[in-house]
Amino acid sequence: DSSVNWIVKNCLAKGNTTADFSKNAGTGTMTCSNCASGDATADDFGGSGNRISQTFTFVDEAGDDFHLASTDAGAKDFGADLSGDANYPFSDDIDGQTRSGSWDIGADEYVAAGGGEIVSCFLID
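Caption draft 1: Spotlight on the packing of aromatic side chains. Inspection of the entire model under this criterion finds four aromatic pairs. Pairing Phe 56 with Phe 58 gives two aromatic rings, centres 6.3 Å apart and planes at 35°, and the pair type is tilted. Residue classification places Phe 58 among the buried positions, given a relative accessible area of 10%. Between Phe 58 and Phe 66, the aromatic rings sit 5.4 Å apart at their centres with planes inclined by 85°, giving edge-to-face as the arrangement. Three or more aromatic residues joined by ring pairs make a cluster, and in this case those are Phe 56, Phe 58 and Phe 66. Sitting above the plane of the Phe 78 ring, Arg 51 keeps its charged end 3.6 Å from the centroid.

Given below as structure tokens:
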């Protein structure tokens, strides 16, 4: 829908052919907060806490394991705590683990003992 106003938080985008973050033409708006991109587009739509032109380190990108590696400096610990979010509050990650401390950008919180961050995001309409 071209009139939808998108609020995008804690999203990671990398390697898209034209732009990591973009909005279709229309009357709607998009605001990105605490998002990270491999290019400069995470900061194109307002918001705050965005990380642009980042390099992300994944556990095994070639093998499609997009959990953040422990050495990642592009998204790990740069997310916003959304547990008290006015539109879509949550505290658990995509694996059902409770987030605590500094949140990572993406859907899955890095856990040193068993994995990391899976690349995904939550779009709030």
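Caption draft 2: Expanded view of unusual backbone geometry. Its identity is not glycine, yet Asn 34 carries a phi of approximately 50°, on the positive side. When you line up the elements, Asn 34 lands in the loop between β3 (30-33) and β4 (36-37). A residue is classified by how much of its surface remains accessible, and Asn 34, at 16% relative accessible area, is buried. Not every positive phi belongs to a glycine, and Asp 77 is a case in point at roughly 75°. Relative to the assigned elements, Asp 77 resides in the loop between β6 (65-68) and β7 (122-124).

Calculation criteria
- Residues numbered from 1 in each chain as written.
- Predicted model: local features only at pLDDT ≥ 70, side-chain atom pairs only at ≥ 80, totals over all residues.
- Heavy atoms only, no water.
- Phe/Tyr/Trp six-rings, centres within 6.5 Å; stacked < 30°, edge-to-face > 60°.
- Buried < 20%, exposed > 50% of the residue type's maximum accessible area, 1.4 Å probe, protein only.
- Lys NZ or Arg CZ within 6 Å of the ring centre and 35° of its normal.
- Helix = DSSP H or I, 4+ residues; strand = E, 2+ residues; numbered from the N terminus.

So far we have only geometry, and geometry alone does not tell us how the molecule works.
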